[in-house]
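# Coordinate analysis (summary)
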Amino acid sequence: SPGITPPGRVLSRYHLALLVRDESGVLARVADAMARRGVSILAVRQEQLPDDDHVARLVITTHEAPDADVRALVTALEATDDVRGRIRVLRVEGV
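To keep things clear, this report deals only with the structure shown in the data block.

Thresholds, definitions, all that
Residues numbered from 1 in each chain as written. Predicted model: local features only at pLDDT ≥ 70, side-chain atom pairs only at ≥ 80, totals over all residues. Heavy atoms only, no water. Core = buried A, V, L, I, M, F, W, Y, C linked by side-chain atoms within 4.5 Å. Buried < 20%, exposed > 50% of the residue type's maximum accessible area, 1.4 Å probe, protein only. Helix = DSSP H or I, 4+ residues; strand = E, 2+ residues; numbered from the N terminus. Contact = heavy atoms within 4.5 Å. Salt bridge = Lys/Arg side-chain N within 4 Å of Asp/Glu carboxyl O. Pairing = 2+ DSSP bridges. Expected span 1.5 Å × (residues − 1). Arc of directions from axis to C-beta.

Okay, the nonpolar core next. With 19 residues, the main nonpolar core has Leu16 and Leu18 as its most contacted residues. Among the elements of the structure, strand S1 (11–21), helix H1 (26–36), strand S3 (52–62), helix H2 (67–78) and strand S5 (83–92) are those that each provide at least two residues to this core. Sequence-distant contacts of Leu18, that is, excluding residues within four places in its chain, are made with Ala56, Arg57, Leu58, Ile60, Val83 and Ile87.

For side chains of opposite charge, pairing can occur when their charged atoms come near one another. Counted by the stated rule, this structure contains 11 salt bridges. Put simply, Arg36 and Asp32 hold a salt bridge, and the shortest N to O gap is 2.8 Å. Taken as a pair, Arg36 and Asp32 lie in helix H1 at a separation of four residues, close to a single helical turn. Look at Asp32 and you get partly exposed, because its relative accessible area is 40%. Residue Glu78 pairs with Arg86 through a salt bridge whose shortest N-O separation is 3.4 Å. Each of Arg21, Glu23, Arg29 and Asp82 takes part in a single network of salt bridges with overlapping partners.

Let us now look at the environment of Gly8. Position of Gly8 among the secondary structure elements: in the segment before S1. Between the C-alpha atom of Gly8 and that of Ala65, which follows or precedes it by 57 residues, the distance is 9.9 Å. Other than its neighbours up to four places away in sequence, Gly8 contacts Pro66, Asp67 and Ala68.

This part is about the pairing of strand S2 (residues 41–49). With eight bridges joining them, S2 and S3 adopt antiparallel strand pairing. Bridge assignment links Gln48 to a residue of S3, and that residue is Ala56. If you look at the hairpin formed by S2 and S3, you'll find two residues sitting between the two strands.

Along its 12 residues, H2 runs 17 Å from first to last C-alpha, staying within 8% of the 16 Å computed at 1.5 Å per residue. Taken together, the buried positions of H2 are occupied by Asp67, Val70, Leu73, Val74 and Leu77. Taken end-on, H2 shows its buried residues confined to a sector of 125°, consistent with a single buried face. The elements touched by buried residues of H2 are S1, H1, strand S4 (65–66) and S5.

Here it is as structure tokens:
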């Protein structure tokens, strides 16, 4: 019978904005962490920060994923040495 989907199982696309160390292998480790949690990448953009040669900004758009999986991913990534500070998460609705 149809019912209310628990909040953690609601499927949405997300934009994740994170600051990372700008060195080889970081993007691969971020992508691996996403794959291990079943969160698929739709698009990724990387840009150099104008005032710091050692930090880059990644903006990742995901395919639809459960909220709980995205939250677990963010927690795991924020605990790594590759990520600087908090990850900004925006849910994309109506796509």
